[in-house]
Amino acid sequence: MNGVGPLLVGGAHLSHRNGNELQQAINAAIASGAPSFTIGVGDWVFTSDSEPKRSRPGVSLLIAGASNLRLSGAGPNHTSLWFNPGFGIDVEDCQNVTLEGFAVDTLTPAFSQGELLSLDLAAKRATLHVEATFPLPNDASLFNQTCPDGSGGICGEIKAVFWDPATRRMLQSQQMQNPMGSANCSERTCTVGLAALDGDWVDPPPPGTLLTLSPRLWASKYPIPTFYKGTIGVYNCSGSLFQDIDTFGGGDMVWVEHLGEGGNTYRRVRVARRAAATGGGPLPYAPRLLAANDDGFHSMSTGVGPTVEDSELSFIADDFLNVHNRLLVCTAGFGPSCCRVLPSDPSTREVHGAPLPWRSLSPGSLWTRGRLGSSTSAPRLAMATSAPHTTAR
């Protein structure tokens with residue numbers, strides 16, 4: 001697998017290798033039942049064609065149907081996988097696999113970042129100068145301008161976070177649920193509406209404070225299901241190990257595991273800000289305040305919960321860690337072998353916008369007769385159509 005020339009990332013040229021060729025090689029290793037696969041040293045770039053793109057659409061690395069496979073990089077400091085914001089790694093229907101020894105990052109920042117020029121509490125708006133190489137908050141490729149149902153206005157929770165310029169850490173006692181509702185830019189000076197801005201803020205941040213505006217990519221105005229996408233998604237997997245993996249950029253939740261027997265282990269996984277280029281040397285882009293726009297780790301509806309060891313979740317604009325179940329609707333079965341379930345996403349679970357078929361769960365899994373004790377199959381299930389994205393809690 002050969003390099004495909006220099007790539008401009010954040011103003012610096014990055015010598016990179018073709019991630020699409022890496023995908024083909026991994027597919028072949030899975031098909032042949034190979035016990036191991038090595039990802040070579042360097043920067044692997046995943047794009048939707050042979051030429052890197054700086055905005056969506058993009059492509060993810062898919063690892064599907066593997067069992068008893070060890071997939072290893074040369075270490076997070078030596079092997080990096082680069083994606084457009086909102087894309088990453090999807091691990092699906094795997095058993096007893098190991099992924100280890102690499103970093104994950106975004107080709108461009110997944111958020112806007114700049115210096116606060118003014119803050120008008122009464123008008124609930126902020127004006128900032130956006131740093132070079134960072135997207136403007138009116139960039140339609142990252143910041144949703146309309147909702148999927150056709151209603152107007154910015155959609156999908158775009159969060160404003162204020163930062164201390166000296167320490168480059170989040171300010172304490174700020175309103176984290178402060179969504180951006182409008183954006184108007186002239187060159188790199190932008191005024192944004194912050195609907196939840198506290199008009200009685202006693203000690204508001206002064207000019208010179210740093211400000212990030214981070215969208216929840218792929219989200220609509222309905223939290224369920226559209227908030228639950230992962231830069232690294234682990235779906236319907238069991239008994240697998242993920243270790244020595246650093247993530248430096250993500251436009252959604254970083255680690256998301258969902259469905260399946262579970263019992264997966266996450267060891268020495270880091271969500272952090274990148275400190276150096278792959279292989280050492282200066283950063284290939286301007287320093288970023290955020291490592292991820294949303295949750296660091298989110299596990300839901302697995303038969304056995306995750307084991308998380310010696311890991312770091314830092315510089316994220318939402319929850320650090322969540323482990324929980326969700327209401328699952330059985331659509332077929334409760335026979336002697338398995339129950340087929342429908343996640344609370346009515347359009348099936350989507351991996352970066354691409355729907356997947358229903359999952360048939362194996363005997364003894366969380367949703368079988370053996371676990372539930374008894375059950376009754378209904379001939380028909382009626383669901384309300386007026387609020388298609390609601391869920392029971």
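Calculation notes
- Residues numbered from 1 in each chain as written.
- Predicted model: local features only at pLDDT ≥ 70, side-chain atom pairs only at ≥ 80, totals over all residues.
- Heavy atoms only, no water.
- Pairing = 2+ DSSP bridges.
- Helix = DSSP H or I, 4+ residues; strand = E, 2+ residues; numbered from the N terminus.
- Axes fitted to C-alpha atoms, helices over the stretch in contact; angles between N-to-C directions.
- Core = buried A, V, L, I, M, F, W, Y, C linked by side-chain atoms within 4.5 Å.
- Buried < 20%, exposed > 50% of the residue type's maximum accessible area, 1.4 Å probe, protein only.
- Contact = heavy atoms within 4.5 Å.
- Disulfide = S-S within 2.5 Å.
- pLDDT = per-residue confidence, 0-100.
- Salt bridge = Lys/Arg side-chain N within 4 Å of Asp/Glu carboxyl O.

S.K.: Residues and numbers for the sheet that holds strand β12 (residues 158–163), please.
M.R.: If you walk across this open sheet you meet the six strands as β12-β15-β10-β11-β14-β13, and the pairing is antiparallel. Looking at the sheet topology across the chains shown, the edges are occupied by β12 and β13 (180–186). Neighbour-to-neighbour, the strand axes of the sheet open up by a mean angle of 35°, direction not taken into account.

S.K.: Which residues make up the nonpolar core, and what values do they have?
M.R.: Most often, soluble globular proteins keep nonpolar side chains buried together rather than apart. Ranked by internal contacts, the top residues of the largest apolar core, which has 67 residues, are Ile63, Leu81, Ile89, Leu99 and Trp255. Ranked by residues supplied to this core, first place goes to β12 with five residues. If we skip the residues at most four places from it in the chain, Leu99 touches Ile63, Leu71, Val91, Leu241, Phe242, Gln243 and Ile245. Ala219, Tyr228, Met253 and Met300 belong to the second-largest nonpolar core, a separate cluster that totals seven residues.

S.K.: An account of the state of the cysteines is needed here, citing residue identities and associated values.
M.R.: All chains considered together, the criterion is met by one disulfide. Note that Cys185 is cross-linked by a disulfide to Cys190, the S-S spacing being 2.1 Å. In this structure the cystine formed by Cys185 and Cys190 twists about its S-S bond by roughly 110°; its chirality is therefore right-handed. On the basis of relative accessibility, which here comes to 0%, the residue Cys190 falls in the buried class. In this model Cys94 remains outside any disulfide bridge; the closest cysteine sulfur is found in Cys237, 4.6 Å from its own. Classification of Cys237 by relative accessible area gives buried; the value is 2%.

S.K.: Can you explain the sheet that holds strand β16 (residues 230–235)? Please cite residues and give values.
M.R.: The strand order across the open sheet built from six strands is β5-β8-β16-β18-β20-β23, with neighbouring strands paired in parallel fashion. Because the sheet does not close on itself, it has two edges, and the strands there are β5 (61–64) and β23 (321–324). Averaged over neighbouring strand pairs, the angle between their axes works out to 10° when direction is ignored. For strand β8 (residues 89–92) and β16, the ladder comprises four bridges, and the chain directions are parallel.

S.K.: So what's going on with the confidence of the model for the chain? Residues and values would help.
M.R.: Taken as a whole, the chain shows an average pLDDT of 78; of its residues, 71% reach a score of 70 or greater. Averaged pLDDT values for the elements of the chain fall to 32 in strand β27 (residues 354–355) and rise to 98 in strand β17 (residues 241–247). In the model, residues 1–8 has pLDDT below 50 throughout and makes 27 contacts with residues more than four positions away in sequence or in other chains. Ignoring residues within four places in sequence, the model shows residues 333–338, a span with pLDDT below 50, making 16 contacts including any to other chains.

S.K.: Which residues make up the pattern of salt bridges, and what are the values?
M.R.: All chains considered together, the criterion is met by eleven salt bridges. Notably, a salt bridge pairs Asp105 with Arg288, separated by 3.4 Å at the nearest N-O pair. Pair noted here: Asp105 is in strand β9 (residues 98–106) and Arg288 is in the loop between β19 (265–271) and β20 (297–300), with a separation of 183 residues, a long-range link. For Arg288, a relative accessible area of 8% puts it in the buried group. With a shortest N-O distance of 3.5 Å, Asp294 and Arg216 are connected by a salt bridge. One end of the pair, Asp294, is in the loop between β19 and β20; the other, Arg216, is in the loop between β15 (210–215) and α2 (223–226), and 78 residues separate them in sequence. Across the pair, Arg216 and Asp294 agree in class, each one buried. Taken together, the shared-partner salt bridges connect Lys159, Arg216, Asp294 and Asp318 into one network.

S.K.: Give me the lowdown on the pairing of β15, citing residues and values where you can.
M.R.: The element β15 is extensively covered by neighbouring structure, given that six of its six residues are classed as buried. Of the two faces of β15, the one holding Leu210, Thr212 and Ser214 and the one holding Leu211, Leu213 and Pro215 are both buried throughout. Here β12 runs beside β15; their pairing, made up of six bridges, is antiparallel. Following the sheet pairing, Phe162 is matched in β15 by Leu211.

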